[in-house]
Amino acid sequence: METKYSIIQEKQAKYPARGLIRVKGDRNFIASLSAFGPGTYKDNQAEMQKQYSHPETGETISFKPATTAETILINAYDFENRAKPEIFDPRWLQVGKIVRTPEGVFANPPVDRQGSPITDEKTLKSFLKTSKKVNGIYLLDNDLAFAPYETFSMGVQDCDTFAQGGLARILEYTEKKEAENLRAIASPKFYTRGVNVWGFDSVKEPILLVACLGSCECLVGNRLSVDGYDLDGGDDGYAYGILDSGEASAKNSK
């Protein structure tokens, strides 16, 4: 009998496949395996909201911006081999939105009905009345948090001082006395000359910014740079997205 052949090919996905990483523990979510970028934070947000295909099921998926706590948790995974050489050393990580006010820093500000981050100082301060204050910082719903300026130090410091400060703890959104994931990222194993916290000065009027993390390999030496100065996270930063695609998101988050 004549031998016959037929080719069986993988069905062409409607959209480009996007690798995913599942995080389980105190937080449970699925995020993009690789970061979006390089680009401004606005550009990276636009990219994550496009349509992609689930790498296993082929379902159509999209992403929403990760909070600062989610972003830090993703980057803490195998930091030495993933985030540090791929993002921190050549570029920088756009951790998420912050609002600098006259009295302190808010992380992950809520949005109004139009979807714009709330920056009105009176409104933001009103949230603190019902918030939980832990070790000098305020923790609210949806990763909204506030650190008064007196709870953290500016300038060059060791990783313990940084991790125990209010800024690190609101970015990581933790009730603990130390931001453990940021402590691991800022370890002397990776940054022999500590951490440089800059761009978090007090302001006369609230201003919406993007907090960034990166490696400082310039004349000052090997330090972790913690930057609260950028309006849109610079031109060549990276950001992470959380799975946000209706049924696919609910199904895969179980």
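This text goes with the structure placed above it.
Residues numbered from 1 in each chain as written. Predicted model: local features only at pLDDT ≥ 70, side-chain atom pairs only at ≥ 80, totals over all residues. Heavy atoms only, no water.

Peer 1: Tell me about the pairing of strand S2 (residues 29–32), and name the residues and values.
Peer 2: The pairing of strand S1 (residues 20–23) with S2 spans 4 bridges and is classified as antiparallel. Residue Leu-20 lies in a different strand from S2, and its bridge partner there is Ser-32. Counting the residues in the hairpin turn of S1 and S2 gives 5 residues, including Gly-25, whose phi is positive at 155 degrees. (Pairing = 2+ DSSP bridges. Helix = DSSP H or I, 4+ residues; strand = E, 2+ residues; numbered from the N terminus.)

Peer 1: Outline the layout of surface pockets, supporting the account with residue identities and numerical values.
Peer 2: Estimates place the volume of the largest pocket at around 610 Å³. Taken together, 23 residues form the lining of the largest pocket, with Asn-108, Pro-109, Pro-110, Val-111 and Asn-142 sitting closest to its centre. Contributions of two or more residues to the lining of the largest pocket are made by helix H1 (41–48), strand S6 (63–65) and strand S7 (93–100). Class assignment of the residues belonging to the lining of the largest pocket gives a composition of 10 nonpolar, 9 polar and 4 charged. Its boundaries defined by the atoms lining it, the second largest pocket holds a volume of some 390 Å³. (1 Å grid on protein atoms, 1.4 Å probe; cavity = no way out; pocket = protein on both sides within 12 Å on 5 of 7 lines; lining within 4 Å. Points joined across faces, edges and corners; volume = space filled by probe spheres on them. Nonpolar A, V, L, I, M, F, W, Y, C, P; charged D, E, K, R; others polar.)

Peer 1: Just give me the short version of unusual backbone geometry, but keep the residues and values in it.
Peer 2: Note: most residues except glycine have negative phi, and most peptide bonds are trans. Note that the residue after Gly-37, namely Pro-38, is joined by a cis bond; omega there is 5 degrees. Its place among the elements puts Pro-38 in strand S3 (residues 36–39). Notably, Asp-78 is not glycine yet its phi reads approximately 50 degrees, a positive angle. Structurally, Asp-78 is set in the loop between helix H2 (68–76) and helix H3 (83–88). Under the relative-accessibility criterion, Asp-78 is labelled partly exposed at 34%. (Buried < 20%, exposed > 50% of the residue type's maximum accessible area, 1.4 Å probe, protein only.)

Peer 1: Tell me about the nonpolar core, and name the residues and values.
Peer 2: Counting 47 residues, the largest nonpolar core has Phe-88, Leu-167, Leu-182 and Val-226 as its most contacted members. Among the elements that line this core, the one with the most residues is helix H6 (residues 166–172), at 4 residues. Setting aside chain neighbours within four positions, we find Val-226 in contact with Phe-162, Leu-167, Val-195, Asn-196, Val-197, Trp-198, Phe-200, Cys-212 and Leu-213. (Core = buried A, V, L, I, M, F, W, Y, C linked by side-chain atoms within 4.5 Å. Contact = heavy atoms within 4.5 Å.)

Peer 1: Account for H2, with residues named and values stated.
Peer 2: Where burial is concerned, most of H2 is hidden: 7 out of the 9 residues are buried. Every buried residue belonging to H2 is among Thr-68, Ala-69, Glu-70, Thr-71, Ile-72, Ile-74 and Asn-75, and all of these are buried. Immediately downstream of H2, the backbone of Asp-78 shows phi near 50 degrees, a positive value.

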